[in-house]
Structure formats: structure tokens, C-alpha cells
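Survey of secondary and tertiary structure
Each chain, letter by letter, is given below.
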Amino acid sequence: MKNDSGEIGLLVESIVKSGNRHMKTVTGNGNEWIRGEFHQIDFGDKRLKERFFETAGLLSSKASGSIHPSCHGSWSQAKGAYRFFSNERVSESALFRTHCVQTQKRLEGHSLVFSLQDTSELNFDSHKKTEGLGSISKAYHKHKMGLMLHASLMVTQEGLPLGLSSLKCWSRVSREETPQEKQRRLYQSTMKEKESIKWIETLYETAALIPKDTCLITLGDREADIFELFRVASSLKTFFIIRNRKDRKFIDEKGKKTTVQTALSKTPILKTIALTLPKNQQRVARTAYVDIRSISGWLPIRNNLVYGPTNKDASRHIHEKVHVSAISVKEQPPPEGVAPVEWVLLTNLTATDAFEAEEKVNWYRLRWKIEEFFKTLKSGCCVEQCRLNTATKLTKMITLKSIIAFKLMYMTKMAALCPEATCTDVLSKIEWQTLYCRIQTTSRLPEHPPTVLQAITWLGQLGGFLNRRAEGLPGIGYEILQENVRLFIILNNKNCG
Ligand SMILES: [Mn+2]
């Protein structure tokens, strides 16, 4: 599974090509894009479908708003939007399934795609009147209220998002229990009763969307270190790179029983590489020099209770094991006062030499994109500010906002990955024309549409970023653009009439 990264020209060409291919589905102003993405949606009611296009178009044009600001203060539109989310015939699964069909189309033609799975808590603690919320606290007393969200974002090897393949939103029961009680409860539950079944269900849902000749790699953090996930991924002929949570039993290639950590500690360093670490909540951005080691062997099932004591098939699984490579990434020596980077990655991909191991480490780092997705959903789309009076209605809104967050990310990534592509990959004709006239303060249009980088930089300027960086969210600029587009349409109509 070697990539041909030597051919940088080919790589750029393939990104541009894939960008163009996505153009039909991921472009347009709020309404146009929403109509493209959801043209197959079916609520069994034509008027409801129109209502959806209107509501979703408004929310997409002003992603950072909740219902009222998105409807530009129009009470009838806002009422229509509330009615839409209250309608029992509107389900989040209908919304999401339609997006999945488009995601599936965007996956076509890619030989390698990544499913980035992760969970995030959505905080609605200040929404005292919302019914059906659950605990989002890790502590077992004084619960904060909100909803849990588990998502799988599909990305290419270059980090271009292609859509979501699974989305689960639920309210967690507020339990009053000590950590010991929690441990006991989990120990006595079957896999299906545990929340962690989400990783496996998501894998099944994702695998079902993957085109025949496309290779799927699931990336997950320590929470995903679950034997059953490894077993299912391998049985579906898909791959995984998951961070190891704590030392595991390990059987080396010679059949010797040991542990992952022990086996790795006896392995020579394959390579030392420089990792650039982006800033996060716990650290500032820095470069870490890390040693890479790799071993291959078997992970045995931890014990048959993985399947729960009530599972009659438990004994059937006792001898199960999954073939893996364990890759250790260890910072040496760590700078003073800084927590060293120390990961062990478990994968069913081969990582026998330095090249292969480094490749898997780099692939794992794509996982960061799912964190970016949640950040876009919360900061860019302000999902936690949406006020609806039940969790059921909120879930529909969260589903729609998640799809909008994907679109915002797609725009940003296109600017970073193929800056020279034409901006029609991310903006509709009326959008880029309005943007051009607004920024250049002219009514004369250029001969050719500007590049993606140019357009996204202008969106940034419109949104108040005075620097010329294309990084960061174009969301606010995009919203201001939508206001301008509306004016542009009104003035043009007036001129016509
Ligand atoms: Mn996580």
C-alpha cells in the first residue's frame, strides 16, 4: 500500500480533477447547493420539500445563526422553519440518508479514503426549557446537559473532505455512579449495550458506502481501541489505524506471548522524524522529533467478557485474534515542561519498514480533520446556540448543520489544497461575481473567474480578516456574501423589470 507521492504533479492533477468532479454537488449559493445536495430528499410531501429547501437554504447562507437571524428577521420564514423542524414527517435520518447518497458519489474514483470517527459533546446546558437532553459530564455528579454526537467524516489522502458517512446524536442517561460502579456496569454489559457499539455501527454504515475498488481506512483515537472494532474491520476487508489506550496482550510472529509495550521496547528505532503539532487545547504549536518503531504480531481477545457474560456465543470467541502492526511514536528527548508525544498505533496495514511505518503515522494524523469538523460545527455554525424546545427537533437541526459544516470545510480545504483551481469549484456563478464586484468595487466582471485561493482570501477579507491567509473559516465572509448576493439579485430583477 505505497503511495506514489513522488509524482507531485499527478497528485495536484488528481485533486483538481476530484475537485471538478465534486463541483456538481458541492457548489452554489445556499439554496443552489442545498438543492443539489438534497435533490433526492423525499418527505412524501412536495410542499414540505419546498419548505425544506427554503429553511435549509437560509440556514446554509447564514451558517453561524440560529433560526431567527438566519431568517433575516422575517417572522413568517422563521415560523416556517420552526414548523419544519417540528414536523413529524421530517426525520434526521431522511436528511442524512440523502447526504450519504451524495457522499457515496463523491467517494467514487478514489482508491483510498479515510473514515475519521470521533465523538463530541454538544453543550445545551443553558437551554433550560429543552426537553430530552442528557448528561454530557464526565463527572458523575452535577451534570451538564446536552447531546452527544458521533460522526464519521470521509476524507481523501490529501485531506479533502468528501462528506459524512455516519452521524449519531443521542442523549446520555444521567447516572449517579462512582468510577468503580461505572467499571462494574461496563464489565457486566454486552458490547451491544455499551455506547462504544457506535464505533462498530459507524464502521458498518461507512463500509456500505464504499465503492468496490476503494480502500477504506478507519482512524480513531484511544476510545476506539476495542477488540471487536479491529475484528469487524478486518472481517469487512477494511483497514484501521487506532491509537492504543493501554498496554495489550500481544503474540509475536514467533508465537511468543508478551505485551505490545514490551515487544516495542525491544525493537530498534526505524527512523526519527519531525512532526509538526498543531495547536490544541492542551498545547501550543510545536515541532516534535519522534522515534518510530514497529512490530507485527497478533492481538488476542482480552477476555470473552468483551462480548458480555450473557452472550451465549462468548466462548466461541475466546481464541480469536487479529493480526496487527503496532507502531510506536515516541518523542526523545521531550522539551522541558512539555508532555512528550507518545503514541502507539495499532493497524492491520503493513508497517514493516521505515517508509511504511512513517506513512501510517502520517495517515493517522489526518484524524485531526474530525476535530476541525467539530470546531466548524460549534464555532462556525454555532450549533450550540440553536434553540428548539425538544432534543428531537434539535437533532434534526444538528444533522442539517453538520452537513453545512462539511460544506464550509470543503471550501476551506479546496483553497489550501488546490489554490490555483477556478473558484467555481466552491462558489456558484452569482456568488463569485457578486464577491468580485464587492471587493473590487466595480460593476465590470473579469473575463475569467478568480482562483479558489483568491476567492477564499476575499471571503476572509469580507469577513474581517485583514491578513491574506486563506486558512481559517470563510464562514462569516460567506454569510456576508450571501447578503450581497440577495441584494445583487434584487437589483438585477429591478433592472430587468
Ligand atoms: Mn474522541
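The present account deals with the structure reproduced in this document. (Residues numbered from 1 in each chain as written. Predicted model: local features only at pLDDT ≥ 70, side-chain atom pairs only at ≥ 80, totals over all residues. Heavy atoms only, no water.)

**With respect to the nonpolar core**
- Ranked by size, the top nonpolar core spans 132 residues in total, and within it Phe43, Phe52, Phe114, Ile217, Phe373 and Leu427 carry the most contacts.
- Looking at this core, the element that brings in the most residues is helix H13 (residues 391–417), giving 15 residues.
- Viewed by domain, this core spans two of them, domain 1 (91–409) and domain 2 (418–491), each represented by three or more residues. (Core = buried A, V, L, I, M, F, W, Y, C linked by side-chain atoms within 4.5 Å. Buried < 20%, exposed > 50% of the residue type's maximum accessible area, 1.4 Å probe, protein only. Helix = DSSP H or I, 4+ residues; strand = E, 2+ residues; numbered from the N terminus. Domains from an automatic or database assignment.)

**Section: the coordination of the manganese ion**
- Distances from the manganese ion to its protein donors, Asp118 (OD) and Asp221 (OD), fall at 2.1 Å. You can see Asp118 sitting in strand E1 (residues 112–123) and its partner Asp221 sitting in the loop between strand E5 (215–220) and helix H9 (227–235), a full 103 residues away along the chain. Of the two residues, Asp118 and Asp221, neither departs from the other in class, the shared state being buried. (Donors = N, O, S within 2.8 Å, 3.2 Å for Na, K, Ca; no water.)

**Observations concerning the side chain of His127**
- Summarising the element assignment, His127 is placed in the loop between E1 and strand E2 (134–135).
- Discounting residues that sit within four places of it in the chain, His127 has contacts with Leu133, Glu384, Gln385, Cys386 and Arg387. (Contact = heavy atoms within 4.5 Å.)

**A short note on the environment of Ser111**
- In this fold, Ser111 is placed in the loop between helix H6 (92–107) and E1.
- A relative accessible area of 55% places Ser111 in the exposed class.
- Each C-alpha atom of the pair Ser111 and Thr156 lies 9.1 Å from the other, and the pair is 45 residues apart in sequence.
- With residues up to four places along the chain from it excluded, the contact list for Ser111 reads Asp213, Thr214 and Cys215.

**Quick notes on the pattern of salt bridges**
- Per the counting criterion, the structure on display carries 20 salt bridges.
- We note a salt bridge from Arg89 to Asp45, for which the minimum N-O separation is 3.2 Å. Linking Arg89 in the loop between helix H5 (75–86) and H6 with Asp45 in the loop between helix H2 (30–37) and helix H3 (46–61), this pair joins segments that are 44 residues apart in sequence.
- With a relative accessible area of 18%, Asp45 lands in the buried category.
- The shortest N-O distance in the salt bridge between Arg172 and Glu195 comes to 2.7 Å. One end of the pair, Arg172, is in the loop between strand E4 (161–170) and helix H7 (179–187); the other, Glu195, is in the loop between H7 and helix H8 (197–207), and 23 residues separate them in sequence.
- Classification of Glu195 as partly exposed rests on a relative accessible area of 28%. (Salt bridge = Lys/Arg side-chain N within 4 Å of Asp/Glu carboxyl O.)

Just geometry here; none of it tells us what the structure is for.
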